[in-house]
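Remarks on the overall topology
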Amino acid sequence: MKKTVCYLLLVLAGVFFNIGFSNATELPNYQLTIDPADLAEMNAHPFDEESYPAVFRVNGTDYEVEARYKGSSSLAFPKKSWAIKFGNTDNPFNVPRINLHADYNDESAMRNFLILRLAAFLGLPAPTIEHVTYTVNGENWGVYTQTEQIDEYFLARNNRQNLALYKGSDHGANLAPLVNDELYLSVWEIEGNGDLSYNELRTLFNKFLYLPKADFDNELDNFVETDKVLSLYAILFTFVEFDNFTKNTWVNKNSNSMKYELLPWDNEGSFGNSAFGDFDSTLVSYNFDQYQHPEYALLIQRMLENPVWKNQFENKVDTILDKGYLFLDSLMDTTYVQIKDAVYLDPNKRGTNASFDEEQNRLKWFMTERKAFLETNNLPERDPLTIHSVENPLPTETNPIITIRIKSPKAQSVRVVFADSVDYKNIGEPNKLRTYSLFDDGTHNDLAAGDLIYGRDIDSRDFDSDWAQFTMLGGGQNYPANAILYTKYVRTKALALNKGNTNNNVAAQIEIDKVLGYGNNRFLRMINKSADTLDLSYCHIRTTRATDDFMFPDNSYLPANDTAYVSATTQMGQVFFPNKTVFANLYYEVDTNDSLFLLSPPLTPMDTVKVGAIENLVAGTTNIMFTEINYKSSSSFDTDDWVEIYNAGTETVDISNWIFRDGDNDHAFFIPEGTELAANAYLVLSSDTSAMNTLNTPISNMVGNFDFGLSSSGEAVRLFDNIGNLVDSVEYSSSAPWPTEPAGTGPTLELISTSSDNSLATSWFVYNGEYGTPGSTNHSAPTSVTETNTSNFSVYPNPASHIIYINTSGACTVELRSLNGIVIDRVIFTTPVKEKAVFNLESLDDGIYLIQMNSTNGVETKKVVVTK
């Protein structure tokens, strides 16, 4: 939210002062002044996470910032966390944003602090963290932890570039592929750079889930920082931090090794504390053997099936119990003394002063008891169970019996657990667990007795739901590890039962008859040859690579006697196959001569097809282009940032869900549904439509508001269609050869003509200092400078590639100009002797330019050709 900070007078009136912090001088004190009306709005709607202008005081210096509450479930707490955005790095922290975490559920005020400091002590890239005191409008808000944001600045401090950084913000973030593709956007936030299609995560998580054990053991080191992963999980396991196994998980692609790593974050729920702030003393004996979140953490559980990684993990736990404990014991003591007085004065803390003191004893007690337990107990063995066979994987009312057989590496109790009675339309709905024991006695349709193949018949009529995800249990361990907990939350891929068909021979009725392509994207055409609608929910399509796995989500129906498409994306499916059933996302490539396998929900074969020729699809072309850019308004005419696009074609174009971006892929504005752009028509994309209509004649052909700013020094503005094609891109600059006047003096960048190449600096101009023509035809460009025939100065070489020299007759001004008259560079000579001017051409595009000499004899001009 952007508005004038009219309440700055509060600062001058002496609002900033310390209240009661005379005994807490060791902690930095940060002071925020914000309009009381804005603060009231924040309190009324905390989950909106709207930013408001404010003034932030650090070490006696004031900074204009934008402030908002941050968090998820913690936004419901009386003491909320804050994000403070400076907008640049010109501040004491040298970053554009800081976080002030309330840590409300941690009465010790130091659990997250201790874990992050320990991670750094053990050599992991971890956010910096320190305790501070915080006042808002002069009122004491208490003790906070200032926690470094994990972003490009954090990565740079740790000698990494931001290649691909993702934050897991919901409990589906257990490093397993999601059932419903559209939920990737809400579960995994892209921080800075990353794959906007989420195909990078789909590929990675499918590897974690579907790589066969031998391949997983042999290949994981090639794409995962296994040592760092084990170190982080050793910390989380030792201090029983449940919330980070399936949420608050950061995945980063290390730019040095090009492998994925996990980064620590938000550890309130540790040292026996639950995520809700309740202390549970029984957690000192936690050992990967309860129905808790770590049992569903896919990557670490699979790694613990490998004896080498398991041994490394145990050694890392031992290091924590030795060196890590000594480090924490000292840090805990000094931190308690440092923050005690400030915590006592904290009016918003969850507990009392007495409970704060008692928490320090609890932390010490937990460490002592946890160490004693871990030193006397081994980790449970993980012996993977695998599906041997499933007969009748798509049961019907007339053929309801499933025979399931599971192979075990040893004799043990083997069960299957189904999640039934789930309302699949709603996230968070409760389920009913149905547990079936399997047998290896030769009498339960389990093949031979004692062959370690456990089995039994299961009547699908027992189930209330048409679909039921299931897991295998051996020795109390889940296989696959992500299991079925997330049936209640954000479901991840698992084995499943589907009894939603009436047709007894679904496999024979389906044909994948054609593979189509558009660039690297693939589409499968499927034919339902029967008169029945077929339910394909939880069925899979794979190539010979198990990790190339497309799974139909729940409610996937193939219409009777009709065709449907498995599409690269939903948007592409709607564009290429209107009025047809489309399933998405087919994220992997399919090539000629590949084999495609249709698998049942429990991954048994149903059909195989060999791919023949791939038919190429052709997308329609458009002639939509950027024609005006306002990237830095004048302070006297502040419309905020906006761009104008124009349809140079002859047909109206539906641009619904097209995407406008600047140079940052994380900045995206989706053009609203129902937006059409007629031939020869303009549309303004604005970051502040209210300001635009206030300062201009009201503009009807305008949409907004995009929530990012355009760089005042230059960057790319880009327009993508709804299937991800780049429609137009202009990389402008505030420096020559681009016109420099739009950088805050009032005018906009205007395209000379809609027939001009808008990628060239010489195609843009400014008009007499005026404010542009949003939504209408641009001003007429200035008359081009023409060549004059003269011998008073010479130009060489011509054509030129990198440097050009001009011999003059002295006492003159020599200018390098574009064909439309824009000055690119200038040299002034004040002496009457003959001189030589030099112009560097490195930044210029190929083309024709003008050298103009202004002297007492008049204006003389020569053309020069620049070619690289």
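Residues numbered from 1 in each chain as written. Predicted model: local features only at pLDDT ≥ 70, side-chain atom pairs only at ≥ 80, totals over all residues. Heavy atoms only, no water.

Focus on the overall build of the protein chain
Where we set the bar: Strands are runs of DSSP state E lasting at least 2 residues, helices are runs of H or I lasting at least 4, and numbering of each runs from the N terminus. Residue burial is assigned from relative accessible area. The probe radius is 1.4 Å, only protein chains are included, and a residue is buried under 20% of its type maximum, exposed over 50%, and partly exposed in between. What makes two residues a contact is simply this: any of their non-hydrogen atoms within 4.5 Å. To measure how exposed things are, a 1.4 Å probe is used in the Shrake-Rupley method; for residues, cover is taken only from the protein chains shown.
For the protein chain, the helix and strand inventory stands at 15 helices and 49 strands. Expressed along its principal axes, the backbone C-alpha trace of the protein chain runs to roughly 110 × 80 × 50 Å. Burial status across the protein chain gives 55% buried among its 868 residues. Partitioning the intrachain contacts of the protein chain with sequence separation of at least 6 by distance along the chain shows that 64% fall at a separation of at least 24. As displayed, the protein chain offers around 35300 Å² of accessible surface, 47% of which is attributable to carbon and sulfur atoms.

Remarks on the sheet that holds strand β38 (residues 702–704)
Sheets are built from strands that pair by backbone hydrogen bonding, the pairs being arranged parallel or antiparallel. Definition in use: We treat two strands as partners when DSSP finds at least two bridges between them.
Strand order in the open sheet made by the 6 strands is β38-β37-β32-β31-β41-β42, with mixed pairing throughout. Either end of the sheet is taken by a strand with one partner, and the two such strands are β38 and β42 (764–765).

Quick notes on the sheet that holds strand β13 (residues 401–407)
This is how the line gets drawn: Here, axes are lines fitted to C-alpha atoms. For helices the fit covers the stretch in contact, and angles between N-to-C directions go from 0 to 180 degrees.
Strand order in the open sheet formed by 3 strands is β12-β13-β16, and the pairing between neighbours is antiparallel. The open sheet has two edge strands with one neighbour each: β12 (386–391) and β16 (453–459). When the angles between neighbouring strand axes are averaged without regard to direction, this sheet yields 20°. Note that β12 and β13 share 5 bridges and pair antiparallel. Following the sheet pairing, V390 is matched in β13 by I404.

A word on helix α6 (residues 199–210)
Defined as follows: In this scheme, a helix's expected span is set at 1.5 Å multiplied by one less than its residue total.
The terminal C-alpha atoms of α6 lie 16 Å apart, and with 12 residues this matches the ideal 16 Å at 1.5 Å per residue to within 8%. The buried count for α6 comes to 9 of 12 residues, which makes it a mostly enclosed element. For α6, the full list of buried residues reads E200, L201, R202, L204, F205, N206, F208, L209 and Y210.

So, the packing of helix α11 (residues 307–344) against helix α12 (residues 353–376)
What counts here: Each angle is binned into one of four classes, with values under 35 degrees roughly parallel, values over 145 roughly antiparallel, values of 65 to 115 roughly perpendicular, and all other values oblique. Think of it as three bins: nonpolar holds Ala, Val, Leu, Ile, Met, Phe, Trp, Tyr, Cys and Pro, charged holds Asp, Glu, Lys and Arg, and polar takes everything else, Gly as well.
Following both chains from N to C, one finds α11 and α12 inclined at 175°, their axes separated by 11 Å at the closest point. On the basis of the axis angle, α11 is roughly antiparallel to α12. Contacts from V317, L321, Y325, L328, D329, M332, D333, Y336, I339, K340, V343 and Y344 in α11 reach N353, F356, D357, Q360, L363, K364, M367, R370, K371, L374 and E375 in α12. Tallied by class, residues from the contact of α11 with α12 come to 13 nonpolar, 2 polar and 8 charged.

Overview of the nonpolar core
Spelled out, the test is: Take the buried residues of types Ala, Val, Leu, Ile, Met, Phe, Trp, Tyr and Cys, join any two whose side-chain atoms come within 4.5 Å, and each joined set is a nonpolar core.
W188, F208, F239 and F313 are the most contacted members of the largest nonpolar core, which totals 83 residues. Sort the elements by how many residues they give to this core and α11 lands first, with 12 residues. Beyond its immediate stretch of four places on either side in the chain, W188 contacts Y166, K167, G168, A173, L175, Y198, L201, F205, T249 and V251. In this structure, Y646, V653, I655 and F708 belong to the second largest nonpolar core, which totals 31 residues.

Comments concerning the pattern of salt bridges
Defined as follows: Salt bridge criterion: a side-chain nitrogen from Lys or Arg within 4 Å of a carboxyl oxygen from Asp or Glu.
Under the definition given, this model contains 31 salt bridges. Put simply, K79 and D346 hold a salt bridge, and the shortest N to O gap is 2.5 Å. Of the two residues, K79 is situated in the loop between β3 (61–70) and β4 (81–85) and D346 in the loop between α11 and α12; the sequence distance between them amounts to 267 residues. Classification of K79 as buried rests on a relative accessible area of 4%. Exposure remark for D346: the relative accessible area of 5% places this residue in the buried category. With its nearest N and O atoms 2.7 Å apart, the salt bridge here joins R434 to D420. Note that R434 is positioned in strand β15 (residues 432–437) and D420 in strand β14 (residues 414–420), a separation of 14 residues in sequence. Across the pair, exposure class does not vary: R434 and D420 are buried alike. Linked by salt bridges that have partners in common, D106, R111, E359 and R362 make up one network.

Observations concerning the packing of helix α8 (residues 226–238) against α11
What counts, and what does not: Left-handed is the label given to a crossing in which the near helix is rotated counterclockwise from the far helix by less than a right angle, and right-handed is the label when the rotation is clockwise.
Contact pair α8 / α11: the axes reach a minimum separation of 9 Å and the direction vectors enclose 55°. One finds that α8 runs oblique with respect to α11. In this structure, the crossing between α8 and α11 has a hand that is right-handed. For the pair formed by α8 and α11, the contact residues are T226, D227, L230, S231, Y233, A234, I235, F237 and T238 on the first element and W309, Q312, F313, K316, V317, I320, L321 and Y325 on the second.

With respect to the packing of aromatic side chains
Heads up, the rule is: Stacked, edge-to-face and tilted labels apply to pairs of Phe, Tyr and Trp rings (six-membered ring for Trp) whose centres lie within 6.5 Å, assigned for plane angles under 30 degrees, over 60, and everything in between, in that order. Two conditions define a charge located above a ring, namely a distance within 6 Å from the ring centre to NZ of Lys or CZ of Arg, and an angle within 35 degrees of the ring normal.
Under the defined criterion, the tally for this structure stands at 52 aromatic pairs. Seen from their ring centres, F576 and F577 are 6.3 Å apart, and the 50° between their planes marks the pair as tilted. With relative accessibility at 15%, the residue F576 sits in the buried group. Taken together, the ring pairs in this structure connect Y233, F237, F242, F245, Y286, F288 and F313 into an aromatic cluster. Lying across the ring of Y144, K79 places its NZ or CZ 4.8 Å from the centre. A cation over an aromatic ring shows up here: R542 above the ring of Y210, its NZ or CZ 4.3 Å from the ring centre.

A look at unusual backbone geometry
Cis rather than trans, the peptide bond between Y479 and P480 has omega equal to -5°. With respect to the helices and strands, the residue P480 is situated in the loop between β18 (477–479) and β19 (495–498). Residue G704 is joined to N705 through a cis peptide bond whose omega torsion reads 5°. Of note, N705 is situated in the loop between β38 and β39 (716–720). With a phi angle near 65°, Y198 is a residue other than glycine that sits in the positive phi range. Classification of Y198 as buried rests on a relative accessible area of 6%.

What to know about the pairing of strand β44 (residues 803–808)
As paired elements, strand β43 (residues 794–796) and β44 share 3 bridges and run antiparallel to each other. Bridging from a neighbouring strand, S794 pairs with N807 of β44. What sits between β43 and β44 in their antiparallel hairpin is a turn of 6 residues.

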